[in-house]
Amino acid sequence: MSDPERAPLSLTLGWREWLALPELGLHAIKAKVDTGARTSTLHAFYVDTFRRDGRLYARFGVHPLQQRADIVVHGEAPVIDRRPVSDSGGHREERYVIKAHIALAGQEWPLELTLTNRETMLFRMLLGRTAIAGRALVDPEKSFLTGRTRQPWKLYGVND
């Protein structure tokens, strides 16, 4: 007996995928699809907070591409929470949480992102299981099932 509330998942992701966070000005960012991480995380090499109309905001800088510190995107978003998060090494850190929309494989949906410095990490973003639950399956043996972004620096106005 099929359950109409649980339609079959039509999106399959590899363990790494290119995606966009358009409202943050991130046209292409390579993410590790991490079902072991509950929360999604975005690399921010700085995070400053400020108030606008009584509401807390985060202003942050992102190097969206690995090994390209010359490409910088500055974003800002309302802070929706501040919560402790454990990294893969078990270290706990208080992180600001923002909401954004992910664009992936021709689909778009909202997700929560924590902000932290991932400069020493291989991926600028982790796409956690909460963001993909009910939307996608993950094939851990595959990569870039939704397509590759060739010369992603060009999307940021850099020609070399």
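Going by the structure above, here's the rest.
Figured I'd write up the structure that's included with this text. Being a predicted model, the structure only gives us computed values, none of them experimental. (Residues numbered from 1 in each chain as written. Predicted model: local features only at pLDDT ≥ 70, side-chain atom pairs only at ≥ 80, totals over all residues. Heavy atoms only, no water.)

The next thing to look at is unusual backbone geometry. Of note in the backbone geometry, glutamine 67 takes a positive phi value of approximately 60° without being a glycine. Take glutamine 67: it is sitting in the loop between β6 (55-62) and β7 (73-86). (Helix = DSSP H or I, 4+ residues; strand = E, 2+ residues; numbered from the N terminus.)

Glancing now at the layout of surface pockets. Estimates place the volume of the largest pocket at around 530 Å³. Mapped by element, the contributors of at least two residues to the lining of the largest pocket are β3 (26-34), β7 and β8 (92-104). Approximately 190 Å³ is the volume found for the second largest pocket. In terms of lining residues, the second largest pocket is bounded by 13 residues, among which Trp18, Lys30, Leu65, Gln66 and Pro152 are the most central. Here the lining of the second largest pocket is composed, by residue class, of six nonpolar, two polar and five charged. (1 Å grid on protein atoms, 1.4 Å probe; cavity = no way out; pocket = protein on both sides within 12 Å on 5 of 7 lines; lining within 4 Å. Points joined across faces, edges and corners; volume = space filled by probe spheres on them. Nonpolar A, V, L, I, M, F, W, Y, C, P; charged D, E, K, R; others polar.)

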